[in-house]
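Structural description and commentary
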Amino acid sequence: MQERRNSVKEALAQGQTQLGLWCSLGSALVTEVMAGSGCDWLLIDAEHSPNDLLSVVAQLQAVGADDVEACVRLPEDNPTLVKQFMDAGARSLMIPNVKTAEQARQIVASARYAPEGVRGFSVGHRANRFGRVKDYHANAPRNQMLILQIECKEGVANASQIAAVEGVDVLFVGPGDLSTNMGAMHNAGADHVQQAIGSVLKAAQDAGKAAGILAPMQADAERYIADGFTFVAVGADLGLVARGSDALIAHFRKG
Ligand SMILES: O=C(O)C(=O)C[C@H](O)[C@@H](O)CO
């Protein structure tokens, strides 16, 4: 049995825009609905959402039948979590708040088996279809994707060195955390935050890597895509359900 190719990783390497949706509700059913939307990738969030390893596995299973790359955001940069989630079949990982190139190198090492890395070895797991993908251990990095979030001034300052680390696929701006860290909470549109976002984009592009961002407002997403961001989350289940239900009820209340 062959491992399914990571078509999002391949498309990004060719500079193609890949549209994503954020899954924050911790629900396999909702994630399954999102997966059927035609998006290229989903982000199952285990940082700010009520998710654990088993609820993430349930969502990975729900996405399974769709031709969508299911990425998982870990709650923190932690090699044990990298191992556990990768073994569970999360091969595209987003790591929050990466600040230095050395940290990026450690993250890459945590995703790789020796001699390049330190990932613990298990013969059979969900990632290799319980031992059925025979060449999994030798070839795992080929389909893995590491998406490192840049969310603070230090990360912005070091973005070029982080992007240059072999094994890093995407620099992903967290506009909420970055703007908060830069003294502009709720205002990622502030000039100094936009300059920082632009410098992360340039750092990624100069290193031949993809740049990503979460942009649930349509106009923002269109602008970021026009600027050159190629890994863009254009909406979230939480926002779609909350704002959609708000608007529906408001429509009937106003009469
Ligand atoms: O800093 C950000 O913005 C992000 O990383 C996304 C947030 O965590 C959040 O909006 C996800 O629901």
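Thresholds, definitions, all that
Residues numbered from 1 in each chain as written. Predicted model: local features only at pLDDT ≥ 70, side-chain atom pairs only at ≥ 80, totals over all residues. Heavy atoms only, no water. UniProt positions renumbered as here; feature names shortened; annotations may be inferred. Core = buried A, V, L, I, M, F, W, Y, C linked by side-chain atoms within 4.5 Å. Buried < 20%, exposed > 50% of the residue type's maximum accessible area, 1.4 Å probe, protein only. Helix = DSSP H or I, 4+ residues; strand = E, 2+ residues; numbered from the N terminus. Contact = heavy atoms within 4.5 Å. Pairing = 2+ DSSP bridges. Right-handed = clockwise from strand over helix to strand, strands pointing away. Axes fitted to C-alpha atoms, helices over the stretch in contact; angles between N-to-C directions. Left-handed = near helix turned anticlockwise from the far one by under 90°. Nonpolar A, V, L, I, M, F, W, Y, C, P; charged D, E, K, R; others polar. Near = heavy atom within 4 Å. Polar contact = N/O pair within 3.5 Å; in protein donor to acceptor, adjacent residues only side chain to side chain. Areas by Shrake-Rupley, 256 points an atom, 1.4 Å probe, with all protein chains shown as cover.

An unreviewed UniProt entry annotates the protein as Hydroxypyruvate/pyruvate aldolase of Roseovarius spongiae. Recorded in UniProt under Cofactor (unreviewed entry), the annotation for the protein is "a divalent metal cation".

Counting residues in hydrophobic clusters, the biggest one holds 58 residues, and the most contacted among them are Leu-42, Val-72, Leu-93, Leu-171 and Phe-229. Of the residues forming this core, the biggest block, seven residues, is contributed by helix H10 (residues 191-206). Those residues in contact with Leu-42, other than ones at most four positions away along the chain, are Leu-21, Cys-23, Thr-31, Met-34, Ala-35, Val-63, Val-68, Glu-69, Ala-70 and Cys-71.

The buried count for strand S7 (residues 210-214) comes to four of five residues, which makes it a mostly enclosed element. Alignment of strand S6 (residues 170-173) against S7, held across four bridges, turns out to be parallel. Across the sheet, residue Leu-171 finds its bridge partner in S7, namely Ala-211. Relative to strand S8 (residues 231-236), S7 runs parallel, the two being bridged by three bridges. What sits directly across from Ile-213, in S8, is Val-232. On the question of chirality, the crossover connecting S7 to the parallel S8 by way of helix H11 (residues 218-227) is right-handed.

A few words on the packing of helix H2 (residues 28-35) against helix H3 (residues 53-63). Closest axis-to-axis distance for the H2/H3 pair is 8 Å, and the angle between their directions is 35 degrees. For the pair H2 and H3, the crossing hand works out as right-handed. Here H2 contributes Ala-28, Thr-31, Glu-32 and Ala-35 to the contact with H3, which in turn contributes Ala-58, Gln-59, Ala-62 and Val-63. Here the residues of the contact of H2 with H3 are counted per class, giving five nonpolar, two polar and one charged.

Strand order in the closed barrel formed by eight strands is S1-S2-S3-S4-S5-S6-S7-S8, with parallel pairing between adjacent strands. Between one strand and the next, the sheet's axes are offset by a mean angle of 25 degrees, whatever the strand orientation.

Turning our eyes to something else, we now look at the site of the ligand. The immediate surroundings of the ligand are formed by Trp-22, Ser-24, His-48, Arg-73, Gln-149, Glu-151, Gly-174, Pro-175, Gly-176, Asp-177 and Leu-214. At a separation of 2.8 Å, an oxygen atom of the ligand approaches a polar backbone atom of Asp-177. Protein burial of the ligand: of its 320 Å² of free accessible surface, 77% is covered by the chains. For the shell around the ligand, the element with the highest residue contribution is helix H9 (residues 175-181), accounting for three residues. Here the residues of the shell around the ligand are counted per class, giving three nonpolar, five polar and three charged.

Sheet faces and side chains relate simply in a regular strand, where the side chains alternate between the two faces. Of all five residues making up strand S3 (residues 69-73), five are buried, and the element is well covered by its neighbours. Residues Glu-69, Cys-71 and Arg-73 of S3 are buried on one face, and the alternating residues Ala-70 and Val-72, pointing to the opposite face, are buried as well. Sheet topology note: the strand S2 (residues 41-45)/S3 ladder contains five bridges and is parallel. Of the residues in S3, the one forming a bridge with Leu-42 is Ala-70.

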